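Read off the chains here:
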Amino acid sequence: PLAILALRDETDVRRMELMRVDFLANASHELRTPLASLSGFIETLKGHARDDAVARDRFLDIMATQAERMSRLVADLLSLSRIELNEHIPPSGRVDLARAASDVVDAVSVLSQERGVVVTLQSDGGKINIDGDRDEIIQVIQNLVDNGIKYSAPGQSVEIVIRRDLHIDAAPGPRTDGLTRLPLLTPDREAGVLYAAVTVRDHGPGIAREHLPRLTERFYRVEGQKSGGERPGTGLGLAIVKHIVNRHRGGLTVVSAPGEGAAFSAYFPMSPIRSETSDAI
Ligand code: ADP
């Protein structure tokens, strides 16, 4: 048994090593593309575009976009590695999910207005406390809402719904709309634990079934999907969401089909004390 154990560990180490190499290769590749474009434009600006004010302005705009893309990538990569580093440490602190969602609505208000997308928030009005890291919970909601806005057309809405006191093992059952709910992360079921959920629903293009299980892979993007052009993603947003939810011992599901929009739900175990009274203690 000892030998088998050692062998398994070695395979695990090797697998981790491969994942790390793969991750670094992907990350370098993703950074190299905007970097190459920046270098190209710098060369052009130093050369023949120097005296052409119109071309110069256009190139500088493109360069600014590429630089923004690089900083988004670096920020996402840093978040991901920080979260993975802490993933085995249970988060301390208490977060009101409803308040966190309302903070996200405020934070995205400029972006949603620019895009002509209305973001709504629905909850029962009370506090819905979970044990967690406030910044990380906000990042989960923010990443889901950012995607919702990104894949919506002007005039469409993104709806955030917060629910409490859910049993996660309540059988999903057939949905009235005929779509299936796909689990992207299933929590360890602990007896008697109630969950609070945040669902972010959009009415954008939706996602074909074959892509759903891979959405939380790092750098995974659905090919040929329009995302409003000017805000291309990094492919890291949902990977970050999954790691944070996992650290909080929660779950993640998606319901989507082409033409049906998308609804992502993150579930978190509720703090044991009843949410409404917890502050009074
Ligand atoms: P990105 O930064 O590219 O949005 P994510 O990890 O957040 O990365 O998402 C991965 C991919 O999943 C996206 O590139 C997109 O193809 C698809 N996706 C995510 N959210 C939605 C959504 N709300 N509607 C349609 N497609 C989505």
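All residue numbers refer to position in the chain's written sequence, counted from 1. Per-residue local features of the predicted model are confined to residues with pLDDT of at least 70, and side-chain atom pairs are confined, for both listing and counting, to 80 or more; whole-chain, interface and lining totals are unaffected and use all residues. Heavy atoms from the whole structure form the basis of all side-chain values; hydrogens and water molecules are not counted.

Quick word on the overall build of the chain
Next up, step 1: Runs of H or I in DSSP of at least four residues are treated as helices and runs of E of at least two as strands, each being numbered from the N terminus. Looking only at helices and strands, one finds six helices and eight strands in the chain.
Next up, step 2: Secondary structure elements of the chain occur, N-terminal to C-terminal, as α-α-β-α-α-β-β-α-β-β-β-α-β-β.
Next up, step 3: Accessibility here uses a 1.4 Å probe with only protein chains present; expressed as a share of the type maximum, an area under 20% marks a residue as buried, one over 50% as exposed, and anything in between as partly exposed. Counting over 281 residues, the chain shows a buried share of 43%.
Next up, step 4: Contacts: residue pairs with any heavy atoms within 4.5 Å of one another. Restricting to contacts in the chain with at least 6 residues of sequence separation, those with at least 24 account for 81%.
Next up, step 5: Here, Shrake-Rupley sampling with a 1.4 Å probe gives the accessible areas, and only protein chains in the shown set may cover a residue. Carbon and sulfur atoms provide 56% of the accessible area of the chain, an area that totals close to 15800 Å².

Considerations on the confidence of the model for the chain
When pLDDT drops low, the exact placement of atoms in the prediction is not to be read closely.
Next up, step 1: Residues of the chain with pLDDT of at least 70 account for 88%, and the chain-wide mean is 87.
Next up, step 2: Each residue gets a pLDDT score, which is the predictor's confidence in that residue and runs from 0 to 100. Here helix H1 (residues 2-46) stands out as the least confident element of the chain, with mean pLDDT 82; strand S2 (residues 118-122) is the most confident, with 98.
Next up, step 3: Here residues 275-281 is a poorly scored stretch, pLDDT under 50, and it has eleven contacts once near neighbours within four places are set aside; other chains count.

Side note on the packing of aromatic side chains
Next up, step 1: The aromatic pairing rule takes the rings of Phe, Tyr and Trp, using the six-membered ring of Trp, and pairs them if the centres are within 6.5 Å, calling planes under 30 degrees apart stacked, those over 60 edge-to-face and the rest tilted. Taken as a whole and assessed by the stated rule, the structure comprises two aromatic pairs.
Next up, step 2: Aromatic side chains Phe41 and Phe59 sit 5.1 Å apart centroid to centroid with 45 degrees between the ring planes, which places their arrangement in the tilted category. With Phe41 in helix H1 and Phe59 in helix H2 (residues 53-86), this pair connects stretches of sequence that are 18 residues apart. Accessibility assignment for this pair places Phe41 and Phe59 in one class, buried.
Next up, step 3: By the criterion adopted, a ring carries a charge over it if an Arg CZ or a Lys NZ lies within 6 Å of its centre and within 35 degrees of its normal. The positively charged end of Arg218 is found above the aromatic ring belonging to Phe23, 4.1 Å away from the centroid.

Some remarks on the side chain of Thr216
Next up, step 1: As for its placement among the helices and strands, Thr216 is situated in the loop between strand S6 (195-202) and helix H6 (237-247).
Next up, step 2: Among the residues examined, Thr216 registers a relative accessible area of 10% and is labelled buried.

Points about the sheet that holds S6
Next up, step 1: Overall, mixed pairing links the six strands, which are arranged S2-S4-S6-S8-S7-S5 in an open sheet. Each end of this open sheet is capped by a strand with a single partner; those strands are S2 and strand S5 (181-185). Between one strand and the next, the sheet's axes are offset by a mean angle of 20 degrees, whatever the strand orientation.
Next up, step 2: With six bridges joining them, strand S4 (residues 157-166) and S6 adopt antiparallel strand pairing. What makes two strands pair is DSSP finding at least two bridges between them. Axis lines are fitted through C-alpha atoms, for helices just across the contact stretch, and the angle between N-to-C directions can take any value from 0 to 180 degrees.

Some remarks on the packing of H2 against H6
Between two packed helices, both the angle of their axes relative to each other and the distance between the axes serve to describe the pair.
Next up, step 1: The geometry of H2 relative to H6 is characterised by a closest axis approach of 10 Å and an angle of 20 degrees between their N-to-C directions. Accordingly, the angle class assigned to the pair H2 and H6 is roughly parallel. Here the hand of the crossing between H2 and H6 comes out left-handed. Residues Asp76, Ser79, Leu80, Ile83, Glu84 and Asn86 of H2 pack against Ala239, Ile240, His243, Ile244 and Arg247 of H6.
Next up, step 2: Looking at the contact of H2 with H6, its residues break down into five nonpolar, three polar and three charged. Small angles under 35 degrees read as roughly parallel and large ones over 145 as roughly antiparallel, with 65 to 115 read as roughly perpendicular and the rest as oblique. Left-handed is the label given to a crossing in which the near helix is rotated counterclockwise from the far helix by less than a right angle, and right-handed is the label when the rotation is clockwise. Lys, Arg, Asp and Glu make up the charged group, whereas Ala, Val, Leu, Ile, Met, Phe, Trp, Tyr, Cys and Pro make up the nonpolar group; the residues left over, Gly among them, are polar.

With respect to the pattern of salt bridges
Next up, step 1: The salt bridge criterion pairs a side-chain nitrogen of Lys or Arg with a carboxyl oxygen of Asp or Glu, the two atoms within 4 Å. Within this structure, the stated rule accounts for ten salt bridges.
Next up, step 2: In this structure, Glu30 and Arg221 form a salt bridge, with 2.9 Å as the shortest nitrogen-oxygen distance. Here Glu30 is found in helix H1, whereas its partner Arg221 is found in the loop between S6 and H6, with 191 residues between them in sequence.
Next up, step 3: For the salt bridge of Asp103 with Arg99, the shortest nitrogen-to-oxygen distance reads 3.4 Å. Of the two residues, Asp103 and Arg99 both sit in helix H3 (residues 97-107), four residues apart, roughly one turn of that helix.
Next up, step 4: A residue is classified by how much of its surface remains accessible, and Asp103, at 18% relative accessible area, is buried.
Next up, step 5: Judged by its relative accessible area of 49%, Arg99 falls in the partly exposed class.
Next up, step 6: Within this structure, Glu30, Arg69 and Arg221 form a network of salt bridges that share partners.

A look at unusual backbone geometry
Next up, step 1: Positive phi is not limited to glycine here, since Asp165 has a value of about 55 degrees.
Next up, step 2: Among the secondary structure elements, Asp165 is positioned in strand S4.
Next up, step 3: What makes Asp165 partly exposed here is its relative accessible area of 27%.
Next up, step 4: Positive phi is not limited to glycine here, since Phe219 has a value of about 70 degrees.
Next up, step 5: As for its position among the elements, Phe219 is in the loop between S6 and H6.
Next up, step 6: Judged by relative accessible area, Phe219 falls into the buried class, the value being 10%.

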